[in-house]
Amino acid sequence: MKIEQDTSKKRFNGSPKATQIKSESFFNEKVKEEKETLKTFSYDCQKNLDLLKVPDQVAYYLRNVYLYNFTIVEGSSKSKLLPEHVFAYCKAENLYPKAANKIASALYHRLKNSDLSSIETVRLVADGCAGQNKNTIMLGMLSKWLTEAPQNVKKVELVFPVVGHSYIPPDRVFAQIEKQVRKQEVIRGPEKYIEIISKFSTVTALGTDFEVFDWKTASQKVFKPVAPEMWEDYVDIDSALLTFEEPTDKNIVQNISAKEQLESDGEEEVEEAPLPTAEEALKAAELLSRFVHSNIENDNLTIA
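Residues numbered from 1 in each chain as written. Predicted model: local features only at pLDDT ≥ 70, side-chain atom pairs only at ≥ 80, totals over all residues. Heavy atoms only, no water.

- Naming follows an unreviewed UniProt entry, where the protein chain appears as DUF7869 domain-containing protein of Pieris macdunnoughi.

1. Comments concerning the overall build of the protein chain
Argument step 1. When its secondary structure is counted, the protein chain shows ten helices and eight strands.
Argument step 2. The buried share among the 304 residues of the protein chain stands at 37%.
Argument step 3. A separation threshold of at least 6 residues defines the contact pool for the protein chain, and within that pool the share at least 24 residues apart is 78%.
Argument step 4. Surface accessibility of the protein chain: about 18900 Å² in total, with carbon and sulfur atoms responsible for 51%. (Helix = DSSP H or I, 4+ residues; strand = E, 2+ residues; numbered from the N terminus. Buried < 20%, exposed > 50% of the residue type's maximum accessible area, 1.4 Å probe, protein only. Contact = heavy atoms within 4.5 Å. Areas by Shrake-Rupley, 256 points an atom, 1.4 Å probe, with all protein chains shown as cover.)

2. Considerations on the pairing of strand β5 (residues 121-125)
Argument step 1. The element β5 is extensively covered by neighbouring structure, given that five of its five residues are classed as buried.
Argument step 2. Along β5, one buried face is formed by Thr121, Arg123 and Val125 and the opposite face, lined by Val122 and Leu124, is buried too.
Argument step 3. With five bridges joining them, strand β1 (residues 38-45) and β5 adopt parallel strand pairing. Of the residues in β5, the one forming a bridge with Phe41 is Leu124.
Argument step 4. The sheet contact formed by β5 and strand β6 (residues 155-159) spans five bridges and is parallel. Following the sheet pairing, Arg123 is matched in β6 by Glu157.
Argument step 5. On the question of chirality, the crossover connecting β5 to the parallel β6 by way of helix α5 (residues 136-146) is right-handed. (Pairing = 2+ DSSP bridges. Right-handed = clockwise from strand over helix to strand, strands pointing away.)

3. A word on the pairing of strand β3 (residues 66-74)
Argument step 1. Burial within β3 is extensive, with nine of its nine residues counted as buried.
Argument step 2. Where β1 and β3 come together, five bridges link them in antiparallel fashion. By the bridge assignment, Ser42 is partnered in β3 with Val73.
Argument step 3. Of the strand pairs in this sheet, strand β2 (residues 49-50) and β3 are connected by two bridges, and their pairing is antiparallel. Bridge pairing links Leu49 to Leu67 in β3.
Argument step 4. In this sheet, strand β4 (residues 86-92) lies alongside β3 in antiparallel orientation, the contact comprising seven bridges.

4. Topic: the state of the cysteines
Working definition: the covalent bond between the sulfur atoms of two cysteines is a disulfide.
Argument step 1. Throughout the structure, instances matching the rule amount to zero disulfides.
Argument step 2. We note that Cys45 lacks a disulfide partner, and the nearest cysteine sulfur, in Cys129, lies 7.8 Å from it. (Disulfide = S-S within 2.5 Å.)

5. Focus on a positive patch on the surface
Argument step 1. On the surface, Lys47, Lys179, Arg182, Lys183 and Lys199 cluster together to form a positively charged patch.
Argument step 2. Looking at where Lys47 falls in the secondary structure, it is placed in the loop between β1 and β2. (Patch = residues over 30% accessible without salt bridge, like charges linked within 9 Å, V, L, I, M, F, W, Y side chains within 5 Å. Salt bridge = Lys/Arg side-chain N within 4 Å of Asp/Glu carboxyl O. Lys, Arg positive; Asp, Glu negative; His and termini not counted. Charge placed at Lys NZ, Arg CZ, Asp CG, Glu CD.)

6. Some details on the environment of Phe87
Argument step 1. By the element assignment, Phe87 lies in strand β4.
Argument step 2. For Phe87, a relative accessible area of 7% gives the class buried.
Argument step 3. Spatially, the C-alpha atoms of Phe87 and Arg110 are 8.2 Å apart, while their sequence positions differ by 23 residues.
Argument step 4. In this structure Phe87 touches Phe70, Thr71, Ile72, Glu74, Arg110, Ser201 and Thr202, once residues within four positions along its chain are discounted.

7. Structural notes on the environment of Leu124
Argument step 1. Mapped onto the fold, Leu124 is located in strand β5.
Argument step 2. For the pair Leu124 and Val156, spaced 32 residues apart in the sequence, the C-alpha separation amounts to 7.5 Å.
Argument step 3. Those residues in contact with Leu124 that lie beyond four places of it in its chain are Phe41, Tyr43, Leu107, Leu111, Leu142, Val156, Glu157, Leu158 and Val159.

8. Things to note about the packing of aromatic side chains
For any pair of aromatic rings, the description rests on two quantities: the centre-to-centre distance and the angle between the ring planes.
Argument step 1. Enumeration over the complete set of coordinates arrives at six aromatic pairs.
Argument step 2. Relative to Phe70, the ring of Tyr43 has its centre 5.8 Å away and its plane inclined at 65°; by these criteria the two rings are edge-to-face. Separated by 27 residues along the polypeptide, Tyr43 in strand β1 and Phe70 in strand β3 bring together distant segments of the chain.
Argument step 3. Among the residues examined, Tyr43 registers a relative accessible area of 0% and is labelled buried.
Argument step 4. On the accessibility criterion, Phe70 (1% relative accessible area) is buried.
Argument step 5. Ring geometry for Tyr108 and Trp215: centres 5.1 Å apart, planes at 65°, overall edge-to-face. Residue Tyr108 is located in helix α4 (residues 100-112), and its partner Trp215 is located in helix α8 (residues 215-220); the two are separated by 107 residues in the primary sequence. Residues Tyr108 and Trp215 agree in their burial class; the two are buried. (Phe/Tyr/Trp six-rings, centres within 6.5 Å; stacked < 30°, edge-to-face > 60°.)

9. Structural notes on helix α7 (residues 190-197)
Argument step 1. Taken residue by residue, α7 has Tyr193, Ile196 and Ile197 as its buried positions. Take α7 and look down its axis: the buried residues cluster within an arc of 95°, on one side only.
Argument step 2. As for α7, its buried residues are in contact with β2, β3, β4, α6 (169-182) and β7 (202-205). (Arc of directions from axis to C-beta.)

So this is what it looks like as structure tokens:
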């Protein structure tokens, strides 16, 4: 049995009970909630579908094209998964990659074509995949849509579930689709997949029924690139802490003490300050960790 030695990984390994409580809290508060002024959209990508599905395993290794299915479910987890509330955006791999531009364009199309006449808050629930959902491309698209949204829409919430507990309504749709796919011994093209998917959702063809925009290029003109020097606007910390190693309580306290001494004595050489007590060191480490590490317990973004 391997014993993990990397302390940075151990930080995020909470007890199973605590993780389960956080997962249930997320699901009850964010996915199940229903209000007259709230509309929830949950979305996810299905696993890639082979455009050549045959019993011979050799064909699996010869395939070079997948069919992508990006599904958006309108409503809470308590809503019925009717085709008129489930929207599948499908396209072959050779036409559009499974990238953020495709995801943002599909979601933009759905928001533009949904009835939000009495809605004040739009809640978007997705997994925390950085390449598709958690990025500035998605934020740029939502910012643009807010300028075009009905005046009654006041807020957009972008919610990411607890890591490892991202079972959301689209996953239920994918389970129904895959159950039908398994019954097909041979599938030679996208037509059969589209036929199966259309039983459980409204199918929309990317690039045909609506346009795929280049949100990435547009967002780069608006958002500033994230650079290490930008941290200086928020907290002044020693460069030794900006490493891939987990900072210890000792070197954190040494840096804080040395910085305070430099501010009081100017540019004079500073002798090493005596270490504080263990309790003081832990408090200082906890304070500074807010800036050195990301906070995964409250992983919500709100655009007002």
